[in-house]
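One letter stands for each residue in the lines below.
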Amino acid sequence: MSHSSDPRPMTARRSGPLTGTATVPGDKSISHRALILGALSVGETRITGLLEGQDVLDTAKAMAAFGAQVERVGDGEWSVHGVGVGGYSEPDGVIDCGNSGTGVRLIMGAMATTPIAATFTGDASLSRRPMARVTDPLALFGAQITAREGGRLPITIRGAANPLPVRYHTPVASAQIKSAILLAGLNAPGETVVIETEPTRDHSERMLAGFGADIRTERTDEGHVITLQGRPELRAQPVAVPRDPSSAAFPVAAALIVPGSEIRVPGVSRNPTRDGLYVTLLEMGADIIVENEREEGGEPVADLVVRHGSLKGVTVPAGRAASMIDEFPILSVIAAFAEGRTVMNGVSELRVKESDRIDAMARGLEANGVRVEETKDSLTVHGMGRVPGGGTAVTHLDHRIAMSFLVLGLATEEPVSIDDGAPIATSFPDFLPLMRRIGADLG
Ligand SMILES: O=C(O)C1=C[C@@H](OP(=O)(O)O)[C@@H](O)[C@H](O)C1
Ligand SMILES: C=C(OP(=O)(O)O)C(=O)O
C-alpha cells in the first residue's frame with residue numbers, strides 16, 4: 001500500500017530543452033469507474049489502458065473483495081466479471097482505499113443500497129478528509145453509517161435493505177459526491193436525482209449510459225439535473241480508457257517553462273468537464289496546438305503539441321474551478337514563470353484534497369522565492385518570469401504537490417527538493433522515467 005512506503009526525498013534541477021513524446025497513463029477517474037461499473041454488470045468487462053496507479057489498484061482489490069472476479073490480463077488490460085446491480089457480497093476484511101478519495105467515496109456509494117456491511121479505511125491523508133459529504137446523502141437511501149468523529153474514516157456502512165430513491169442538491173461542486181449518489185441509486189427503485197449548481201466531470205454519467213442505464217442530464221433553473229432510473233441491468237462493456245489530462249498537465253507545464261522545449265502528448269482526454277487548465281493556458285498565451293481530435297471509448301481525445309514561450313498572468317474565474325480542480329497546483333507553478341499576477345478564484349475545495357493544496361503550494365513557492373497571497377478560497381501567484389528555487393517543499397502525502405514542485409525545479413536557478421516523492425505512484429507511477437525520457441533532470 002502506498003501509505004506504508006518510506007518517504008522518498010527527491011530533487012529536480014534546471015534542465016536543457018525538453019523534447020520528444022510524453023505518453024501519459026490512463027485517466028484515473030475513468031479507471032476507477034470502469035472497475036466499479038464492471039463489477040456491477042452482468043458479463044465480462046474488458047478494460048484497456050487502465051491506470052495501474054496505487055489508487056486504482058486499491059479499487060480493483062476492493063471490487064474483488066465485494067465478489068467480482070478481477071484479473072490483470074496484460075499491460076493496462078484488465079478483465080472484470082461482474083456480479084450485477086445489487087449483487088455485491090459482504091467483504092471478509094476491511095476495505096483499505098489507501099490515498100484515494102475517489103475510490104473510497106464511489107465504493108461507499110456503490111455498496112450503500114445492498115444489505116451487506118463493510119468497513120472502509122485509508123492512509124493518514126485520506127483519514128483527514130471529509131466523508132460526511134458522501135455519507136449524509138447515503139443515509140437518505142436508508143444506509144446505516146458509523147464514522148469516526150468529524151465524519152472521518154474509518155467508516156462502517158450497513159447497506160439499506162429497502163432503499164429509497166433520493167433527490168439531492170450537492171452543497172459543493174464534487175463529482176465524487178454526485179457519483180456516489182448515482183451508484184447508490186442504481187439499486188434503489190424509482191428515480192434518483194442529483195442537482196449540481198456547477199457541472200463537474202461527467203464520466204459517471206457517460207459510462208452509466210454506456211453500460212445501459214437510463215440516465216439523463218438537463219440544464220434547468222436549479223442547475224444541472226441528473227436523473228437515473230434505478231434497478232437497471234448493467235451490461236458488461238469494453239472500456240478503452242483515454243489518457244489522463246490531469247497527468248498530462250505535468251509534462252505540458254514542464255515544456256511551457258523550460259526554454260527551447262517542444263513535446264508531443266498523444267491521446268489525451270479533451271472532455272470539456274476536465275478542460276479548464278488548457279483554456280487557462282491558452283489565455284496565458286501558451287503555445288499549445290491541438291491535433292487529431294477524435295472520439296475514443298465515448299470520450300473526446302486529441303494530441304497536444306506544446307512549446308516553450310513567454311506567458312502572462314491571468315485571473316481564473318471561480319466558475320472554471322470544477323473543470324480544473326486537480327490542476328491548480330501545477331498552474332501555480334506555471335504562473336510563477338509568467339509575467340504578472342495570476343489569481344485563482346473559488347478554490348476552497350483545494351483545502352480538503354490529499355493535503356491543503358493552497359497552503360502546500362503557497363509555502364513551497366515561498367520557500368523557492370515566489371511571492372504568493374492566499375485567502376480561504378483564492379491563491380494569487382506573483383509571476384516574475386524567473387524563479388530562484390533552492391528550497392524544499394513539504395508534500396504532505398500529496399502526489400500532485402510532489403509532481404508540481406519537481407516540475408518547478410526543472411526551470412529554477414537553483415535545484416528544488418521535495419521531502420517525499422513516494423505518493424506519485426498513486427496516480428502516475430511512470431512519472432520519473434517519462435520525464436527523464438523527454439530530458440528532465442530529476443531523481
Ligand atoms: O470523481 C472523480 O474522479 C474526481 C473528482 C474530484 O474530486 P471532488 O469530487 O472531491 O471534487 C477530483 O479532485 C478527483 O481527483 C477525482
Ligand atoms: C484529489 C485527487 O484524488 P482523490 O480525491 O481521488 O484522492 C487528485 O488526484 O488530485
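Per an unreviewed UniProt entry, the chain goes by 3-phosphoshikimate 1-carboxyvinyltransferase and derives from Paracoccus sediminis. What the UniProt record of the chain gives under Catalytic activity (unreviewed entry) is the line "3-phosphoshikimate + phosphoenolpyruvate = 5-O-(1-carboxyvinyl)-3-phosphoshikimate + phosphate". Regarding the chain, the UniProt comment filed under Pathway (unreviewed entry) reads as follows: "Metabolic intermediate biosynthesis; chorismate biosynthesis; chorismate from D-erythrose 4-phosphate and phosphoenolpyruvate: step 6/7."

### Observations concerning the packing of aromatic side chains
Inspection of every chain in the model, using the stated rule, returns 3 aromatic pairs. Relative to Tyr88, the ring of Phe66 has its centre 4.9 Å away and its plane inclined at 25°; by these criteria the two rings are stacked. In this pair, Phe66 sits in the loop between α2 (54–65) and β4 (69–74) while Tyr88 sits in the loop between β5 (77–81) and β6 (95–96), placing the two residues 22 residues apart along the sequence. Of the two residues, Phe66 and Tyr88, both sit in the buried class. A centroid spacing of 6.3 Å and a plane angle of 85° characterise the contact between Phe250 and Phe431, whose relative ring orientation is edge-to-face. Of the two residues, Phe250 sits in helix α7 (residues 245–257) while Phe431 sits in helix α12 (residues 431–437), which places them 181 residues apart along the sequence.

### Examining the site of ligand 2
Contacts to ligand 2 come from 13 residues, most closely from Lys28, Gly101, Thr102, Arg129 and Arg400. A distance of 2.8 Å separates an oxygen atom of ligand 2 from a polar side-chain atom of Arg129. Between an oxygen atom of ligand 2 and a side-chain N or O atom of Glu354, the distance comes to 2.9 Å. Out of a free accessible area of 290 Å², ligand 2 has 99% covered by protein chains. Every element with two or more residues in the shell around ligand 2 is listed here: α3 (101–111) and α11 (399–408). For the shell around ligand 2, the per-class residue count stands at no nonpolar, 6 polar and 7 charged. Looking at the shell around ligand 2, you find at least three residues from each of domain 1 (2–26 + 242–442) and domain 2 (28–232).

### Here's the deal with unusual backbone geometry
At the junction of Leu153 and Pro154, the peptide bond is cis and its omega measures out at -5° in the coordinates. The topology assignment puts Pro154 in strand β9 (residues 152–158). Unusually for a residue other than glycine, His396 sits at a positive phi of about 50°. As for its position among the elements, His396 is in the loop between β22 (392–393) and α11.

### A look at the environment of Met131
The residue Met131 is located in the loop between β7 (117–121) and α4 (132–140) in this model. On the accessibility criterion, Met131 (0% relative accessible area) is buried.

### With respect to helix α10 (residues 357–367)
All of the buried residues along α10 are Arg357, Ile358, Ala360, Met361, Ala362, Gly364 and Leu365. Tucked into the core, α10 has its buried residues touching α9 (328–337), β20 (371–375), β21 (378–384), β22 and α11. For α10, the N-terminal capping position is held by Asp356, with its side-chain oxygen 3.2 Å away from the main-chain nitrogen of Ile358.

### Side note on the UniProt feature "binding site: 3-phosphoshikimate" (unreviewed entry) in the chain
The positions that UniProt labels "binding site: 3-phosphoshikimate" (unreviewed entry) are, in the present scheme, Lys28, Ser29, Arg33, Ser174, Gln176, Asp326 and Lys353. Relative to the assigned elements, Arg33 resides in helix α1 (residues 28–39). Excluding anything up to four places from it in sequence, Arg33 contacts Gly38, Thr102, Leu106, Ala175, Ser179, Arg201, His203, Ser204 and Met207. With respect to the helices, strands and loops of the structure, Ser174 is situated in the loop between β10 (167–169) and α5 (175–185).

### Points about the nonpolar core
Judged by nonpolar contacts, the single largest core of 75 residues is most densely connected at Leu281, Phe328, Val407 and Met435. For this core, the element with the most residues is α7, which contributes 9 residues. Once you skip the residues sitting within four places of it in the chain, Val407 turns out to touch Phe250, Ala253, Ala254, Ile257, Ile330, Val333, Phe431 and Met435. With 61 residues, the next largest nonpolar core counts Ile30, Leu40, Leu51 and Tyr88 among its residues.

### Quick word on the pattern of salt bridges
Within the structure shown, the criterion is met by 34 salt bridges. With a closest N to O distance of 3.0 Å, Arg294 and Glu296 form a salt bridge. Across the pair Glu366 and Arg363 runs a salt bridge, and its minimum N-O distance is 3.2 Å. Residue Glu366 and its partner Arg363 are located together in helix α10, separated by 3 residues, close to a single helical turn. Under the relative-accessibility criterion, Arg363 is labelled partly exposed at 37%.

### Considering the domain arrangement of the chain
Here the chain is described as being made up of domain 1 (2–26 + 242–442) and domain 2 (28–232). Across the contact, 29 residues belong to domain 1 and 29 residues belong to domain 2. Both faces considered, domain 1 and domain 2 share a buried interface measuring about 2300 Å² in area, 49% of it formed by carbon and sulfur atoms. Here domain 1 and domain 2 share 4 salt bridges between them. The tally of links between domain 1 and domain 2 comes to 13 residue pairs in polar contact (both at pLDDT 80 or more). In terms of residue class, the side of domain 1 that touches domain 2 is made up of 10 nonpolar, 11 polar and 8 charged.

The rules we used
- Residues numbered from 1 in each chain as written.
- Chains lettered and ligands numbered in written order.
- Predicted model: local features only at pLDDT ≥ 70, side-chain atom pairs only at ≥ 80, totals over all residues.
- Heavy atoms only, no water.
- UniProt positions renumbered as here; feature names shortened; annotations may be inferred.
- Phe/Tyr/Trp six-rings, centres within 6.5 Å; stacked < 30°, edge-to-face > 60°.
- Helix = DSSP H or I, 4+ residues; strand = E, 2+ residues; numbered from the N terminus.
- Buried < 20%, exposed > 50% of the residue type's maximum accessible area, 1.4 Å probe, protein only.
- Near = heavy atom within 4 Å.
- Polar contact = N/O pair within 3.5 Å; in protein donor to acceptor, adjacent residues only side chain to side chain.
- Areas by Shrake-Rupley, 256 points an atom, 1.4 Å probe, with all protein chains shown as cover.
- Nonpolar A, V, L, I, M, F, W, Y, C, P; charged D, E, K, R; others polar.
- Domains from an automatic or database assignment.
- Contact = heavy atoms within 4.5 Å.
- Core = buried A, V, L, I, M, F, W, Y, C linked by side-chain atoms within 4.5 Å.
- Salt bridge = Lys/Arg side-chain N within 4 Å of Asp/Glu carboxyl O.
- Buried area = accessible area lost by both parts, 1.4 Å probe.

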